[in-house]
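Descriptive structure summary
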Number of protein chains: 2
Amino acid sequence: MSIYREKNRKTKDLIQGSFIKILEKKTFESITVGDIAKQAQINRGTFYLHFIDKFDLLDQIEQRLFGDLGNHIDELQSNYSSTHTFEKEQEQLAATLFSAIKMQSPLLKIFLSDHGRAGFHLRFREAFSEKVRVNLEKNESFKATLKVPMEYFLSFITSAFLGLIEQWVQNDLDKTPQEMTILYIDIISFIQKKNTKKV
Amino acid sequence: MSIYREKNRKTKDLIQGSFIKILEKKTFESITVGDIAKQAQINRGTFYLHFIDKFDLLDQIEQRLFGDLGNHIDELQSNYSSTHTFEKEQEQLAATLFSAIKMQSPLLKIFLSDHGRAGFHLRFREAFSEKVRVNLEKNESFKATLKVPMEYFLSFITSAFLGLIEQWVQNDLDKTPQEMTILYIDIISFIQKKNTKKV
DNA sequence: CACAAAATTGAACAATCTGTTCATTTTGTT
DNA sequence: AACAAAATGAACAGATTGTTCAATTTTGTG
């Protein structure tokens, strides 16, 4: 009797699952409602009892994805001990993000590919840009030292991070979240050392 | 009498221009061939004399965009003097890229937005990832020092760079290419200094 | 189980868009 | 002017969309 009880999740889940299955093979724009109904073995009309159109279907999947990701990140973050250095905290955040991504990698792989919907990478970046911003702005020394506009710094660092994630999911998770965290740190260290050397 | 002479570029250009104009207001998936013909004030059948379908139209615009970008970059790079340090060369490359982007910013703004086509940011990143790779691999010390897989490093650094570009074009070029180059260097410097400080 | 509510079905529908065809007209070049 | 290339208008079948509605099936609850 929960307030959040949803009637009829079963068919809705069936439709969403079938849709994702087709999305692995065809682009979003080429998929018809008929395709989805056929895959789910339901009447085409039934689709419209649950979703306005295929865009609504994708929106709802995307919303749930972001929600699940956020919840998982918050959950992991609640276990943080905040006695570390700034760098250690950044490392902890990175590990958290990689871990959360891993759970959603099949969906992310599709949504980030050309089978997905235009602009997804922007919405994805925006969604987790907030997580990073909150984390960074806790640090007074950071805010004081940063000379460039925050929006540009955030675009830079979150895009870089997403670049790693995209490569990772495209490689079908060829590394563990822990290995990815180390890889991330190694790259940062590499950049830090690089400017002391000459050609 | 050039080999590359194209018959009938006028109508083709008209169609492409009209299409881009509509793309500023509507998403690619919602635009019909009828919309394009109406905007260009041509017969719908004429569209099919020049393009297979609207996907072909977008493909051709995208190809030309990448071609133009590449040519412009190569042109600017041919003026390099290679007597600089590795860092100076990286700075020069960054300046070149920002300058090339500026010329194509109206189109890039649309193609990177949710009005464009899924996966554009991947193709875009891939296209200029090559430019960066070639530049990096010239440097022996770089190759020797890099511990992480090249593909991951490239994803990281090119995504970061594209993040800046996306923010820049979304801001309607609120800075000059020179300012963007400085901003880029500032961010790298910031990251380099950051790990020496505590919370 | 029985029964009512909820969900699904099948079929039909007008509307829109697609891609193609073809006869005709316009345009550009020699 | 004459010829070829390009564009037009109209028509066409085929797909897909989103909606409706009566009939049927499934589900949940007493």
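Residues numbered from 1 in each chain as written. Chains lettered and ligands numbered in written order. Predicted model: local features only at pLDDT ≥ 70, side-chain atom pairs only at ≥ 80, totals over all residues. Heavy atoms only, no water.

In the annotation of an unreviewed UniProt entry, chain A is listed under the name TetR/AcrR family transcriptional regulator and assigned to Solibacillus merdavium.

Some points on the packing of helix H5 (residues 86–103) of chain A against helix H6 (residues 105–112) of chain A
Residues and elements named next belong to chain A. Where H5 contacts H6, the axes come no closer than 5 Å and their chain directions differ by 85°. Judged on the interaxial angle alone, H6 and H5 are roughly perpendicular. Where H5 approaches H6, its residues Ile101, Lys102 and Met103 are matched on the opposing element by Ser105, Pro106 and Leu108. Here the contact of H5 with H6 is composed, by residue class, of 4 nonpolar, 1 polar and 1 charged. (Axes fitted to C-alpha atoms, helices over the stretch in contact; angles between N-to-C directions. Helix = DSSP H or I, 4+ residues; strand = E, 2+ residues; numbered from the N terminus. Parallel < 35°, antiparallel > 145°, perpendicular 65-115°, else oblique. Contact = heavy atoms within 4.5 Å. Nonpolar A, V, L, I, M, F, W, Y, C, P; charged D, E, K, R; others polar.)

Topic: the relation of the copies chain A and chain B
Expressed as a screw transformation, the operator carrying chain A onto chain B has a rotation angle of 180° and an axial translation of 0.0 Å, and the superposed copies differ by an RMSD of 0.0 Å. In short, the pair behaves as if placed about a two-fold rotation axis. Here 100% of the interface residues in chain A have copies in chain B that are interface residues too; the copies meet face to matching face. (Least-squares fit on C-alpha atoms with pLDDT ≥ 70 in both.)

Some remarks on the side chain of serine 18 of chain A
Residue and element names in this part refer to chain A. Looking at the secondary structure, you find serine 18 in helix H1 (residues 9–23). In this structure the side chain of serine 18 is engaged in a polar contact, spanning 2.7 Å, whose partner is the backbone oxygen of leucine 14. When sequence neighbours within four positions are dropped, the list of residues in contact with serine 18 reads Ile36, Gln39 and Ala40. (Polar contact = N/O pair within 3.5 Å; in protein donor to acceptor, adjacent residues only side chain to side chain.)

With respect to the pattern of salt bridges
Counting across every chain of the model gives 22 salt bridges over all chains. Between glutamate 62 of chain A and arginine 123 of chain A there is a salt bridge, with its nearest N and O atoms 2.5 Å apart. Separated by 61 residues along the polypeptide, glutamate 62 of chain A in helix H4 (residues 54–77) and arginine 123 of chain A in helix H7 (residues 120–137) bring together distant segments of the chain. On the accessibility criterion, glutamate 62 of chain A (4% relative accessible area) is buried. For aspartate 172 of chain B, the salt bridge goes to lysine 109 of chain B, with nearest N and O atoms at 2.7 Å. Pair noted here: aspartate 172 of chain B is in the loop between helix H9 (150–170) and helix H10 (177–194) and lysine 109 of chain B is in helix H6 (residues 105–112), with a separation of 63 residues, a long-range link. Assessed through its relative accessible area of 54%, aspartate 172 of chain B is described here as exposed. Each of the salt bridges in this network shares a partner with another, and the network as a whole consists of Arg9, Asp13 and Arg64 of chain A. (Salt bridge = Lys/Arg side-chain N within 4 Å of Asp/Glu carboxyl O. Buried < 20%, exposed > 50% of the residue type's maximum accessible area, 1.4 Å probe, protein only.)

Points about the interface of chain A and chain B
One widely used convention gives an interface's size as the accessible area the parts lose upon coming together. In this assembly, 56 residues from chain A lie in contact with 56 residues from chain B. Considering only the side of chain A, the residues that lose the most area to chain B are Tyr152, Phe156 and Phe190 of chain A, jointly responsible for 16% of the buried surface there. Linking arginine 117 of chain A and glutamate 29 of chain B is a salt bridge whose minimum nitrogen-to-oxygen distance equals 3.2 Å. Elements supplying a minimum of two residues to the side of chain A that touches chain B: H5, H7, helix H8 (140–145), helix H9 (150–170) and helix H10 (177–194) of chain A. (Buried area = accessible area lost by both parts, 1.4 Å probe.)

A few points about helix H5 (residues 86–103) of chain B
The terminal C-alpha atoms of H5 of chain B lie 26 Å apart, and with 18 residues this matches the ideal 26 Å at 1.5 Å per residue to within 8%. Buried within H5 of chain B we find Phe86, Glu89, Gln90, Leu93, Ala94, Thr96, Leu97, Phe98, Ala100 and Ile101 of chain B. (Expected span 1.5 Å × (residues − 1).)

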